[in-house]
Amino acid sequence: MRVESEAELVEAVRGARAPLRVVGGGTRGEVGAGERLEVAISGVRLYEPGALTLIAGAGTPLSEIEAVVAAEGQRLPFEPPRWGALLGLAGESTIGGVAAANVSGPRRVQAGACRDSLIGLRFVDGAGIAVQAGGRVMKNVTGYDLVKLLAGSRGRLGVLSEVAFKLLPAAPAQATVRAEVPLSEAGRVLAAALASPFDVSGAGWLPGQGAVLRLEGLEGSVGYRAGRLAALLAPWGARIEREGSVAIWRDLAEVRPFHGRAGDIWRFSVKPSEAAAIAARLDGEVVLDWGGGLIWALLPEGTDARAQAAPYTGHATCLRGRAPRAEPEAPAVAALSRALQARFDPRGILDPERAG
Amino acid sequence: MDMPVPAARVLARKQEIVARLRAVLPSDSVIDDPAETRAYECDALSAWRCAPLAVVLPRTTAEVAAVLRICTEEGVPVVPRGAGTSLAGGAMPTADSVVLGLARMTRVLEVDFENRFIRVEAGRTNLSVTAAIEGEGWFYAPDPSSQLACAIAGNIAMNSGGAHCLKYGVTTNNLLGVTFVTGAGEVVELGGPFCDAPGLDLLGVVCGSEGQLGVVTEAVLRILPKPEGARPVLIGFAANEIAGACVADIIRAGILPVAIEFMDRPCIEATEAFCAAGYPDCEALLIVECEGSPGEIAEQLGLIREIALRHDPVEFREARDAEEARRIWLGRKSAFGAMGQKGDYICLDGTIPVSALPEVLRGIAALGRDFGLEVANVFHAGDGNMHPLILYDANTPGQQERAEALGAEILKLCVAAGGCLTGEHGVGIEKRDLMGVQFTAADLEAQMRVKDVFDPPWLLNPAKVFPLAASAGRRAGGASRGAAPDPEVFGPR
């Protein structure tokens, strides 16, 4: 099934007699049984550059959104990453898929997650009722924040039909400060940079590159901060990269070191200071993002990565592999989540993983 | 203001309920003397008052849980209270309620600069969070104007903002985790010092739920290294429209100041009379603040100057030193005090798309004339968060009602312009009955379902947020009047 309007989506959900597998661009490695429901509600509904806001149909391709806002010198703050090539999936990411999965790129350390820029949305719940949450202004505490509840819900409470985002001006200049340190030293370098006043907008570690720190903004400011940060990190041999900067952050956002490689793909979201020890326990390659708060790991097929990495403060997600996708929640939290699902999806048609 | 009729069975059992609370709390933590509970009869929306049945001031999460278990068993409404600074009546009690105040839970539990977070008890005041870390060069970003007094618990309940959220976001964007007690008295950990907890974002919906889903007792907050410096400019304009256009141009130019504050003529005149900050005689002014090193600030202010000069400003004043910066902020920071000296006022906080600023300001002025009341505007222009201050005289019969009616019309105007009823204060009792202006019945039903799950008997802060008529069935019969409850959550304990 393919729906091109919210009215069609309402009909499709109301008419469903079996679990649905909701799909945007199919690039996030979602699994499960159920009838495929492709949300193709597409098009930018409203774009006000002077108010830094954009509203679009949930099925609008991410690339279309990025082109529209880039033409006005703006961008999505959270740097939505593409994982298609990483996971070997061919689709084109949609903006609704990005919101439903709450995926955020390297700029998360500075600009927050996808959910922090998502200021409003419309969804159709499991009973086929269309609901508006949030709005189109960036400060809004009117009623409960259902926007956050739906962001990252992966369609379990409702199917997104429209999303509204806060935008930011695109930075005219960027530079990367790079220190070729081993993984074991990375945490200290990243923490030192993130504790500085230099407004770091990316902090990661890549094999073959070492620790990388991004600075963005007006030309003069970037030059100044890159110089100060490189001086701060001089004990680790830090250097300023100008030409290669854009490519470094694309490599990190898309996790290019793992492209075309066999094995299971995992993400660990942890307390950054634990990253080096966790990485040392993992039997595979790693890439760090979010100052060490995000560990990407490429592990031999079938690895019980949660057991191997333990102990850690946070959670692990299996993006490709046979292990359960999400970390089990604490019983009290899981009970609340299940009760919410029962309320928003009384027929249980929006959770193909559970149904299957 | 309509409030539900207090439950007679609760009022009749006051002695037994207080005795049960005394059995689980130290004696100084339970207040039921009517002379003492009066201190809790209102918050900063002081036009509306009602003394509660009793007040409890627990010192630990376990004590909070014990109180909630007793109140649930007794069917007693609970009104969570941070520091009582809500402008929306978010902490106003009902006569049959127990006020659960967090004023004694103020400790810093953990400071972790390496992982950039602080863990505090939720009764701690906003400003004292920064005070605990600023010596090492760090700060907590959300900065509501009441930050000296307001508590983190209330900030989380209302998802509070502040003057600097254009760059740093509001509470929800700086909150990593909470320890949270459900209405049934179950202690739940949501989030923590890591990113994006698995499953549904329960932390995201608890933040901003106005104390209706549970009581937050501890919070893990993101902390940030302080910028090297900050410096404001003051720009005066001949008309509100021109100031509004200048705001849009600054944003479109790709500059992101940490704050863009707007004041109109009535507000400028009131603050000049109050504190003589030396503001120019003009229709509207902007205070724009930029952060960074001296060189970076100069780079940004240079661009802002270029943009502002295209709008023929009456004045462009750059702060050259700390004293000049202080004087630029003086009037803005004194604005509420200045208005308070002129009389009573209601402060609204509807938010609008920045592009609609001139049109909405004209609409507010026209409505003020229609109602025969003066309205002054001072607000966060970068994010469209208005703060119309409606002046009235509480001692003139009928004036308060007229001011409230004008407030409702102004908020409807904000919604019609594409905005919302409240940008940072919350709904509370104040805007409860206007929710239908912004949301459909289906939208409100979806929100109320969340409360059904977290607080099935609808005992937590029950008469707030939703129009009384919309929540009547649930308040009378608990969530069971809605859909079938999940036995796992709602089963016997």
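Keep in mind that this is a model prediction, so the values were computed, not measured. The residue count restarts for each chain, going from 1 along the sequence in the order it is written. Each chain takes a letter, starting from A, and each ligand takes a number, starting from 1, following the order in which they are written. Given that this is a predicted model, residues contribute local features only at a pLDDT of at least 70 and side-chain atom pairs are listed and counted only at 80 or more, while totals for whole chains, interfaces and linings are drawn from all residues.

**A few points about the nonpolar core**
Then comes step 1: Each nonpolar core comprises buried Ala, Val, Leu, Ile, Met, Phe, Trp, Tyr and Cys residues, the members being joined through C-beta atoms within 7 Å. Comment: burial labels come from other C-beta atoms within 10 Å of the residue's own C-beta, placed from the backbone, where a count of 20 or more is buried, 12 or fewer is exposed, and between is partly exposed. Core analysis: the biggest nonpolar cluster contains 282 residues, and Ile295 of chain A together with Leu221, Val247 and Leu286 of chain B have the highest contact counts within it.
Then comes step 2: Whether two residues are in contact is decided by their C-beta atoms, placed from the backbone, lying within 7 Å. Those residues in contact with leucine 221 of chain B that sit more than four places away from it in its chain are Phe117, Ile118, Val120, Val129, Tyr140, Asn174, Leu175 and Leu176 of chain B.

**Remarks on the packing of helix α13 (residues 331–344) of chain A against helix α16 (residues 441–454) of chain B**
Then comes step 1: Two elements in contact, α13 of chain A and α16 of chain B, have axes whose closest approach is 9 Å; the angle formed by their N-to-C orientations is 140 degrees. As the angle between them shows, α13 of chain A and α16 of chain B are arranged oblique. As α13 of chain A packs across α16 of chain B, the resulting crossing turns out to be right-handed. For the pair α13 of chain A and α16 of chain B, contact is made by Leu336, Ala339, Leu340, Arg343 and Phe344 of chain A and by Arg449, Val450, Asp452, Val453 and Phe454 of chain B, respectively.
Then comes step 2: Residue classes follow a fixed rule: Ala, Val, Leu, Ile, Met, Phe, Trp, Tyr, Cys and Pro count as nonpolar, while Asp, Glu, Lys and Arg count as charged, and any other residue, Gly among them, counts as polar. Of the residues assigned to the contact of α13 of chain A with α16 of chain B, the class counts are seven nonpolar, no polar and three charged. Helix axes are fitted only over the stretch in contact, all axes being lines through C-alpha atoms; the angle between N-to-C directions runs from 0 to 180 degrees. We count a stretch as a helix when DSSP gives it H or I for four or more residues in a row; a strand needs E for two or more, and each element gets its number in order from the N terminus. An angle below 35 degrees is read as roughly parallel, one above 145 as roughly antiparallel, one from 65 to 115 as roughly perpendicular, and any other as oblique. Handedness of a crossing follows from how the near helix is turned relative to the far one, being left-handed for an anticlockwise turn of less than a right angle and right-handed for a clockwise one.

**Things to note about the domain arrangement of chain B**
Residue and element names in this part refer to chain B.
Then comes step 1: For every domain, the bounds stem from an assignment made automatically or drawn from a database. Here the domain parsing of chain B yields domain 1 (8–101), domain 2 (108–225), domain 3 (230–432) and domain 4 (443–490).
Then comes step 2: Here the C-alpha centroids of domain 2 and domain 4 sit 26 Å apart.
Then comes step 3: Counting from both sides, the interface comprises eight residues of domain 2 and, opposite them, ten residues of domain 4.
Then comes step 4: Tallied by class, the residues present in the side of domain 2 that touches domain 4 amount to two nonpolar, five polar and one charged.

**Digging into the domain arrangement of chain A**
Residues and elements named next belong to chain A.
Then comes step 1: When cut into domains, chain A gives domain 1 (2–169), domain 2 (173–254) and domain 3 (256–320).
Then comes step 2: Placing the centre of domain 2 and that of domain 3 at their C-alpha centroids yields a distance of 22 Å.
Then comes step 3: Taken together, the contact between domain 2 and domain 3 spans 15 residues of the former and 15 residues of the latter.
Then comes step 4: Counting only elements with at least two residues in the side of domain 2 that touches domain 3, the list comes to α8 (183–194), β12 (200–206) and α10 (245–254).
Then comes step 5: Ranked by residue count, the leading element in the side of domain 2 that touches domain 3 is α8, at seven residues.
Then comes step 6: For the side of domain 2 that touches domain 3, the per-class residue count stands at ten nonpolar, three polar and two charged.

**Notes on the sheet that holds strand β8 (residues 175–181) of chain B**
All names here are of chain B.
Then comes step 1: Strand order across the open sheet formed by five strands is β5-β6-β10-β8-β9, with antiparallel pairing between neighbours. Either end of the sheet is taken by a strand with one partner, and the two such strands are β5 (108–112) and β9 (187–191). Strand-to-strand twist of the sheet, defined as the mean angle between neighbouring strand axes without regard to direction, takes the value 10 degrees.
Then comes step 2: Pairing between β8 and strand β10 (residues 215–222): six bridges, direction antiparallel. When the bridges of β10 are listed, leucine 175 appears paired with leucine 221. Being paired, for any two strands, means DSSP has found at least two bridges between them.

**Digging into helix α14 (residues 399–416) of chain B**
Residues and elements named next belong to chain B.
Then comes step 1: Between the first and last C-alpha of α14 there are 26 Å, a value that for 18 residues agrees with the 26 Å anticipated at 1.5 Å per step.
Then comes step 2: For α14, the set of buried residues is Ala403, Leu406, Gly407, Ile410, Leu411, Leu413 and Cys414. The buried side chains of α14 occupy one side of the element, clustering within an arc of 150 degrees when seen end-on.
Then comes step 3: Buried residues in α14 make contact with β16 (344–347), α13 (357–371) and β18 (388–392).
Then comes step 4: Positive backbone phi, approximately 100 degrees, marks glycine 418, located one or two places after α14. By this rule, a helix spans an expected 1.5 Å times one less than how many residues it contains. The reported arc concerns the directions from the helix axis to the C-beta atoms and nothing else.

**Examining the packing of helix α9 (residues 240–252) of chain B against helix α11 (residues 294–309) of chain B**
Residue and element names in this part refer to chain B.
Then comes step 1: Look at α9 against α11: their axes get within 10 Å of each other, and the N-to-C directions meet at 140 degrees. It follows from the interaxial angle that α9 and α11 lie oblique. In the packing of α9 onto α11, the handedness of the crossing is right-handed. Here Cys246, Asp249 and Ile250 of α9 come into contact with α11, specifically with Ile304, Ile307 and Ala308.

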